Amino acid sequence: MNKEINVCISCDDNYARHAGVVTTSVLMNATGSDNLHFYILDGGISDENKSKIQSLSSIKDCKIDFVDIDENLFSDFRKITTHAYISLPAYYRLKMPTLLPDVDRIIYFDCDVIVDTSLKDLFNIEMGEYSIAGVLDIKKKMQKINPTYTNSGILVMDLKNMREQNLEAKFFEYAQKHWNEIVCGDQEIINQVCKGKILNIDSKWNVQISNFTNRSDYTKNPAIVHFIGKNKPWQYASFSYRKDLYYKYLQMSPWAL
């Protein structure tokens, strides 16, 4: 069993509040023995928002570190034309083996996620030789092309294994070769490079929700809710199913309305 549960969230200042809500939801559901260490990949977060995120350690004692990002390292990704809601920080996860050289395993979260349980079981899943674990994406047509096509919004990443397999270089090589064909951003890059080599785990760890409906199992008892697509619960007149969960944890955070 791993003693420290490492969690990574990537954002710029526009998404700092939402990263704070994700962090709040993790801390509110942690057990007394959960030893949490957050790594925030910082794409330009303001001092005010950094201070608010740091203050979340008052919910439960934890470590929160900000990792400065040199965006020049990601210049190749700027030319990828994909969905408008996929911003440059989405690609930071592809370079985590280098960005976090002293971390061997980590859970990665997008900012449109709400955690509703302890992360201990997710963090300690048996991964064997796999470098990446995650839940199948709900796009059935993608699963026909790639049976392990995984949603990249919630990933368990064995960074030690990724370094040994030189996956980071392979991600960048794929992006350089196929930049004008990529439709689903980082998710597509990860799934193409790791085709057939991703461990698919129980869908309760990434219950994918869009607009009016829950598009996964575990409608009543999701472990983690993921608001996929462009419609987010914080948008005006949002139709996101289970948006109440987002506002529940928002109101427990320094960004409470």
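J.: Any chance you could explain the packing of aromatic side chains here in plain terms?
T.: One pass over the structure, following the stated rule, counts three aromatic pairs. An angle of 50° between the planes, with centres 5.4 Å apart, marks the rings of tryptophan 234 and tyrosine 246 as tilted. Of this pair, tryptophan 234 sits in the loop between β11 (224–227) and α9 (243–250) while tyrosine 246 sits in helix α9, and the two are twelve residues apart along the sequence. Tryptophan 234 sits in the buried class, given a relative accessible area of 17%. Residue classification places tyrosine 246 among the buried positions, given a relative accessible area of 2%. Each residue in the set Tyr15, Trp234, Tyr246 and Tyr247 is aromatic and connected to the rest through ring pairs, giving one cluster. The ring of phenylalanine 66 carries lysine 50 above its face, with NZ or CZ at 5.6 Å from the centroid.

J.: Can you help me understand helix α7 (residues 167–178) in this one?
T.: Because each turn of an α-helix spans 3.6 residues, side chains separated by three or four positions in sequence point in the same direction. Taking 1.5 Å per residue, twelve residues should reach 16 Å; α7 reaches 16 Å between its end C-alpha atoms and fits that length. All of the buried residues in α7 are Leu167, Glu168, Phe171, Phe172, Tyr174 and Ala175. One face of α7 carries all of its buried residues, which in axial projection span an arc of 160°. Considering only its buried residues, α7 is in contact with α3 (96–99), β6 (132–136), α6 (159–164) and α8 (185–193).

J.: Explain the nonpolar core to me, please; I cannot follow it from the model alone.
T.: Soluble, globular proteins show a tendency: their nonpolar side chains are buried together. Leu36, Phe38, Ile107, Phe109, Leu119, Leu122 and Ile224 are the most contacted members of the largest nonpolar core, which totals 48 residues. The leading source of residues in this core is helix α1 (residues 16–28), at six residues. Contact partners of leucine 36, with chain neighbours within four places excluded, come to Ile5, Val7, Val26, Leu27, Ala30, Cys62 and Lys63. With 28 residues, the next largest nonpolar core counts Tyr39, Val67, Phe172 and Ile190 among its residues.

J.: Quick question: what am I supposed to make of unusual backbone geometry here?
T.: Phi is mostly negative for residues that are not glycine, and the peptide bonds are mostly trans. Positive phi is not limited to glycine here, since asparagine 166 has a value of about 55°. Mapped onto the elements of the fold, asparagine 166 is located in the loop between α6 and α7. Here asparagine 166 falls in the partly exposed class, since its relative accessible area comes to 45%. At arginine 242, a residue that is not glycine, the phi angle is positive and equals roughly 65°. Inspection of the secondary structure puts arginine 242 in the loop between β11 and α9.

J.: Which parts of the structure should I look at to understand the state of the cysteines?
T.: Using the criterion set out here, one finds zero disulfides in the structure. Considering cysteine sulfurs only, cysteine 111 is the nearest to cysteine 11, which forms no disulfide, with 4.8 Å between them. Judged by its relative accessible area of 1%, cysteine 11 falls in the buried class.

J.: Would you take a moment to explain the pairing of strand β3 (residues 63–68) for this structure?
T.: Consecutive side chains of a regular strand alternate in pointing toward one face of the sheet and then the other. Strand direction decides the pairing type here: strand β2 (residues 35–42) and β3, joined by six bridges, are parallel. Bridged to leucine 41 within β3 is valine 67. In this fold, the crossover linking β2 to β3 by way of helix α2 (residues 47–55) has right-handed handedness.

The rules behind the values
Residues numbered from 1 in each chain as written. Predicted model: local features only at pLDDT ≥ 70, side-chain atom pairs only at ≥ 80, totals over all residues. Heavy atoms only, no water. Phe/Tyr/Trp six-rings, centres within 6.5 Å; stacked < 30°, edge-to-face > 60°. Helix = DSSP H or I, 4+ residues; strand = E, 2+ residues; numbered from the N terminus. Buried < 20%, exposed > 50% of the residue type's maximum accessible area, 1.4 Å probe, protein only. Lys NZ or Arg CZ within 6 Å of the ring centre and 35° of its normal. Expected span 1.5 Å × (residues − 1). Arc of directions from axis to C-beta. Contact = heavy atoms within 4.5 Å. Core = buried A, V, L, I, M, F, W, Y, C linked by side-chain atoms within 4.5 Å. Disulfide = S-S within 2.5 Å. Pairing = 2+ DSSP bridges. Right-handed = clockwise from strand over helix to strand, strands pointing away.

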